[in-house]
Amino acid sequence: MTDATISVPRNVYWFEVLLLASLTLDCISVAFQDRTMDSEMSAGVIAAANTIAASLIILLTYLVWLAAHGRKKWARAVLTASLAFSIVSLMQIIGVNGIEPGSWIDIVSCGLTGAGIYLSYTGDARGWFTA
């Protein structure tokens, strides 16, 4: 039996689905960010921030694939660390600005990621990740 014929465990499947849903919400969040130019934010800075955000989403999508299908434990660890940084960042933003309507997308995104990460460490996912 080759690796291509091995089916993904149920928890790993839901890990992938939840993290990809979270990344979809992140795309929506980036698309609706305030891009008002002022003296501090030039068009170049806004373009660079959007490019970095898009690159990061692509990288995280690849890490989800590596973890779910490549069975890479290190990719799952990087995604777990990314969740921790996202939560800290979100708490800082909420601490400064309060909960705004746009914050709900980020809160739901973190919740989906947290649920997916949890599933990747439990149940039939425990023996899936190898390296």
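Structure first, text after, so check above.
Fair warning: this is a prediction, and the values are worked out from it, not measured in the lab. (Residues numbered from 1 in each chain as written. Predicted model: local features only at pLDDT ≥ 70, side-chain atom pairs only at ≥ 80, totals over all residues. Heavy atoms only, no water.)

It is worth spelling out helix α3 (residues 73–97) at this point. The terminal C-alpha atoms of α3, which comprises 25 residues, lie 36 Å apart, in line with the 36 Å expected from a rise of 1.5 Å per residue. Residues of α3 that are buried include every one of A75, R76, L79, L83, L90 and I94, and no others. Elements that come into contact with the buried residues of α3 comprise α1 (10–31), α2 (43–68) and α4 (103–120). Following α3 by one or two positions, G98 has its phi on the positive side, about 75°. (Helix = DSSP H or I, 4+ residues; strand = E, 2+ residues; numbered from the N terminus. Expected span 1.5 Å × (residues − 1). Buried < 20%, exposed > 50% of the residue type's maximum accessible area, 1.4 Å probe, protein only. Contact = heavy atoms within 4.5 Å.)

Moving on, we come to the packing of aromatic side chains. A full pass over the atoms with the stated rule returns 3 aromatic pairs. Ring centres of Y13 and W14 lie 5.2 Å apart, and the angle between their planes is 80°; this geometry places the pair in the edge-to-face category. With relative accessibility at 35%, the residue W14 sits in the partly exposed group. When the ring centre of W128 is taken as reference, the NZ or CZ atom of R71 above it lies at 4.1 Å. Against the face of Y121 rests R76, its NZ or CZ located 3.9 Å from the ring centre. (Phe/Tyr/Trp six-rings, centres within 6.5 Å; stacked < 30°, edge-to-face > 60°. Lys NZ or Arg CZ within 6 Å of the ring centre and 35° of its normal.)

Turning our eyes to something else, we now look at the state of the cysteines. In the structure shown here, the tally under the stated rule is 0 disulfides. With no disulfide partner, C27 has as its closest neighbouring cysteine sulfur the one in C110, 15 Å distant. (Disulfide = S-S within 2.5 Å.)

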